[in-house]
Amino acid sequence: MTLQQLHYAIAIAEAGSLNKAAEILYIAQPSLTSSMQELEKEIGITIFNRSGRGVVPTQDGTEFLLYARQIYSQYEALIDKYGKGQNLKKKFGVSTQHYSFAVKAFVEMVRSFDTSQYEFAIRETKTRDVIMDVGSLRSEIGILYLSDFNRAAITKLLRSNNLEFHPLIFCDAYVYLWSGHPLAKKEKISFEELKDYPCLSFEQGDASSFYFSEEILSTKEYIRTIKANDRATMLNLMVGLNGYTLCSGIICEELNGDDYLAVPFDSDSVEEGSVMEIGYIIKQNSVLSNIGKHYIEKIIEYLNIGEKDADVNIQKGS
């Protein structure tokens, strides 16, 4: 087993296709296939199920890739710190629920670095995938929220993946809608007032448990619901159908435009709490890279909170 084979396996898993992975790796597809066959023979498992639509990791392969990513990430860290004359790009990835502030902070962070020397990635994705990405070291940092309702379930999943949660800010719930919505001019909006409009939520795939919902108060019974899987579609549904979603109230006009606004949610109109604790997740006992530190600093700066007010795992030094 070689580091090159581990690199190949990781690239195939991320590309979802042998052909795409071969293009990314700049090698011939038959050579890549042969290398994977030799690796599977050596370790005695099938890493990928192959079909005409691409490749998908098997159950054994998923576990193998978890360790492969950990090993290869450590190798890259060694090269970064001690390698001489290497042409290896430094990598940094963030996986996040659909927060415009997370994207804005990412943009500001990337501007501080020479993009020709780094490989950056930001993934707006499902809640479970945020956790899995950080757990497998595909991303260094994940951004998500906890509430009184989902805290036990999410914390258990974090613990099983050797992850820790660092709070950044507590937010009351807001109703996010477009400026032409009939309720847009109200000072507060109650649950009862929303019943005539579709509630929009981000699709969580097969893991569509209430606990993984990105929207607060996911257990309430909504008469009208529509699911979307990206922010642009969500915004279009707000305009076209007078839809709404419940959010933190932290919005970035630069990215979402000024045609949308957040109105305080009347939390007295529901029984359970509607406070969101937004934070970031990392591997347990890990030290953030310099890029990771800079990214969290940009989030803190954007949210206008001090490091002393957040449980920030930013350790000075290398």
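Residues numbered from 1 in each chain as written. Predicted model: local features only at pLDDT ≥ 70, side-chain atom pairs only at ≥ 80, totals over all residues. Heavy atoms only, no water.

- Looking up the protein in an unreviewed UniProt entry gives the name LysR family transcriptional regulator, with the organism given as Solibaculum mannosilyticum.

## Some words on the overall build of the protein
(1) Moving on: Tallying secondary structure elements over the protein gives 10 helices and 12 strands in all.
(2) Moving on: Taken across its 318 residues, the protein has 48% of its residues classed as buried.
(3) Moving on: Put simply, 75% of the contacts in the protein that link residues at least 6 apart link residues at least 24 apart.
(4) Moving on: Total accessible area on the protein is roughly 16,600 Å²; 47% of this is exposed by carbon and sulfur atoms. (Helix = DSSP H or I, 4+ residues; strand = E, 2+ residues; numbered from the N terminus. Buried < 20%, exposed > 50% of the residue type's maximum accessible area, 1.4 Å probe, protein only. Contact = heavy atoms within 4.5 Å. Areas by Shrake-Rupley, 256 points an atom, 1.4 Å probe, with all protein chains shown as cover.)

## Some thoughts on the layout of surface pockets
(1) Moving on: Each pocket or cavity is described by its volume, and for the second largest pocket that value is around 540 Å³.
(2) Moving on: At the level of elements, α1 (3-15), α4 (59-82) and α6 (127-135) are the ones that each hand at least two residues to the lining of the second largest pocket.
(3) Moving on: Per-element accounting of the lining of the second largest pocket gives the leading share, five residues, to α4.
(4) Moving on: Taken together, the residues that form the lining of the second largest pocket break down as five nonpolar, five polar and six charged.
(5) Moving on: Both domains that meet at the lining of the second largest pocket, namely domain 1 (3-82) and domain 2 (90-170 + 277-313), each give it at least three residues. (1 Å grid on protein atoms, 1.4 Å probe; cavity = no way out; pocket = protein on both sides within 12 Å on 5 of 7 lines; lining within 4 Å. Points joined across faces, edges and corners; volume = space filled by probe spheres on them. Nonpolar A, V, L, I, M, F, W, Y, C, P; charged D, E, K, R; others polar. Domains from an automatic or database assignment.)

## Brief notes about the packing of aromatic side chains
(1) Moving on: One pass over the full model with this rule turns up nine aromatic pairs.
(2) Moving on: Taking 5.2 Å as the distance between ring centres and 25 degrees as the angle between the ring planes, the aromatic pair formed by Y99 and F101 counts as stacked. For the residue pair Y99 and F101, the accessibility class agrees, reading buried in each case.
(3) Moving on: Ring centres 5.2 Å apart and planes at 70 degrees place the aromatic pair F113 and Y118 in the edge-to-face group.
(4) Moving on: On the accessibility criterion, Y118 (16% relative accessible area) is buried.
(5) Moving on: An aromatic cluster is present here, built from F92, F106, F113, Y118, F120 and Y295 joined pairwise through their rings. (Phe/Tyr/Trp six-rings, centres within 6.5 Å; stacked < 30°, edge-to-face > 60°.)

## A closer look at the sheet that holds strand β4 (residues 118-124)
(1) Moving on: Read from one edge of the open sheet, five strands run β4-β3-β5-β12-β6, paired in mixed fashion. Of all the strands in the sheet, the pair left with one neighbour each is β4 and β6 (163-172). Ignoring which end each strand starts from, the neighbouring axes of this sheet average 20 degrees apart.
(2) Moving on: Pairing of strand β5 (residues 141-146) with strand β12 (residues 275-283), which is carried by five bridges, proceeds in the antiparallel orientation. From the neighbouring strand, G142 faces β12, where its bridge partner is I281. (Pairing = 2+ DSSP bridges. Axes fitted to C-alpha atoms, helices over the stretch in contact; angles between N-to-C directions.)

## Observations regarding the state of the cysteines
(1) Moving on: The final tally for this structure, using the stated rule, is zero disulfides.
(2) Moving on: The closest cysteine sulfur to the non-disulfide-bonded C171 is located on C247, 9.0 Å from its own sulfur. (Disulfide = S-S within 2.5 Å.)

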